[in-house]
Amino acid sequence: MPTGANDMVRTVVTLDDAVRMMTDLPEVTEGTRYGNRTWFVADKAFAWERPFSKADLRRFGNDTPPAGSILALVTADVEDKEAVLAMGSKGFFTIPHFDGFAAVLVQLDVVTKRPLRRAIEDAWLASAPQRLSQAFLSGGRP
């Protein structure tokens, strides 16, 4: 049992946790794209599982790639991606394959729930039609 702030155990975010966060959002569907589990809003992908390809692994060279489940989340644009990465939240990163692409990668074994939930909502908002995003932002459901 934890006795102080330094003894607190950080809860690991699982893929199931991330899926619940995504499917709690309006009109989210799940499917497959390029062989990877993908989440859509209005037929537009906003999140997907992103295992590393052999080319990705080669680019890591002698560095150890992030372990565990990796989730890709779209951002509004490349500037938004850079802002997310600049925040320095644990678990958020990118790889050369994503250079110039408006998306970040998230290592679920490292990220905490609050920044992940915020990033998932932002990815959904970047992809959702205006009627859905406006209703969500005003606190209502479409």
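All of these numbers come straight from a predicted model, not from anything done at the bench.

Caption draft 1: Representation of the overall build of the protein in the model. Within the protein, the secondary structure is distributed over five helices and six strands. Listed N to C, the secondary structure of the protein is α-β-β-β-α-β-α-β-β-α-α in terms of helices and strands. For the protein, the C-alpha radius of gyration of 16 Å lies close to 14 Å, the compact-globule estimate for 142 residues. Expressed along its principal axes, the backbone C-alpha trace of the protein runs to roughly 45 × 45 × 30 Å. Among the 142 residues that make up the protein, the fraction classed as buried is 39%. Surface accessibility of the protein: about 8,400 Å² in total, with carbon and sulfur atoms responsible for 50%. Averaged over its 17 positive side-chain charges, the protein has a centre that lies 2 Å from the centre of its 18 negative ones.

Caption draft 2: How the structure looks around the pairing of strand β1 (residues 28-33). With six bridges connecting them, β1 and strand β2 (residues 36-41) associate as antiparallel partners. Bridged to Thr32 within β2 is Arg37. Counting the residues that bridge the hairpin from β1 to β2 gives two residues, and of these Tyr34 lies at a positive phi of roughly 55°.

Caption draft 3: Representation of the environment of Thr14. In this structure, Thr14 sits in the segment before α1 (15-23). Given a relative accessible area of 36%, Thr14 falls into the partly exposed group. Considered as a pair, Thr14 and Ala126 are 112 residues apart in the sequence and their alpha carbons are 23 Å apart.

Caption draft 4: Molecular detail of the packing of aromatic side chains. Counted by the stated rule, this structure contains five aromatic pairs. Plain terms: the ring middles of Phe52 and Phe93 are 6.4 Å apart, the flat faces sit at 50° to each other, and that makes the pair tilted. Taken together, the positions of Phe52 in the loop between β3 (44-49) and α2 (54-60) and Phe93 in strand β5 (residues 92-93) put the pair 41 residues apart, joining distant regions of the chain. The two residues Phe52 and Phe93 agree in class, both being buried. A connected cluster of aromatic rings, assembled from ring pairs, spans Trp48, Phe98 and Phe101. Over the face of the ring belonging to Trp48 we find Arg33, whose NZ or CZ atom lies 5.0 Å from the ring centre.

Caption draft 5: Representation of the sheet that holds β2. The six strands lie next to each other as β1-β2-β3-β4-β6-β5, forming an open sheet whose pairing is antiparallel. Of all the strands in the sheet, the pair left with one neighbour each is β1 and β5. The sheet contact formed by strand β4 (residues 70-74) and strand β6 (residues 103-107) spans five bridges and is antiparallel. If you follow Leu71 over to β6, its bridge partner there is Val106. The strands touched by helix α4 (residues 113-127) within the sheet are β1, β2, β3, β4, β5 and β6, with β4 carrying the most contacts at an inclination of about 45°.

Caption draft 6: A look at unusual backbone geometry. A positive phi angle, near 55°, is found at Tyr34, a position not held by glycine. Phi at Ala42 takes a positive value of approximately 50°, unusual for a residue other than glycine. Residue placement: Ala42 occurs in the loop between β2 and β3.

Caption draft 7: A look at the pairing of β6. The element β6 is extensively covered by neighbouring structure, given that five of its five residues are classed as buried. Residues Ala103, Leu105 and Gln107 line one face of β6 and the alternating positions Val104 and Val106 line the opposite face, and both faces are buried. Bridge analysis of β5 against β6 gives two bridges, and the strand direction is antiparallel. In the sheet register, Phe93 faces β6, and the bridge partner there is Leu105.

Analysis parameters
Residues numbered from 1 in each chain as written. Predicted model: local features only at pLDDT ≥ 70, side-chain atom pairs only at ≥ 80, totals over all residues. Heavy atoms only, no water. Helix = DSSP H or I, 4+ residues; strand = E, 2+ residues; numbered from the N terminus. Rg over C-alpha atoms; globule rule 2.2 N^0.38 Å. Buried < 20%, exposed > 50% of the residue type's maximum accessible area, 1.4 Å probe, protein only. Areas by Shrake-Rupley, 256 points an atom, 1.4 Å probe, with all protein chains shown as cover. Lys, Arg positive; Asp, Glu negative; His and termini not counted. Charge placed at Lys NZ, Arg CZ, Asp CG, Glu CD. Pairing = 2+ DSSP bridges. Phe/Tyr/Trp six-rings, centres within 6.5 Å; stacked < 30°, edge-to-face > 60°. Lys NZ or Arg CZ within 6 Å of the ring centre and 35° of its normal. Contact = heavy atoms within 4.5 Å. Axes fitted to C-alpha atoms, helices over the stretch in contact; angles between N-to-C directions.

Any functional reading would require information that these geometric values do not contain.
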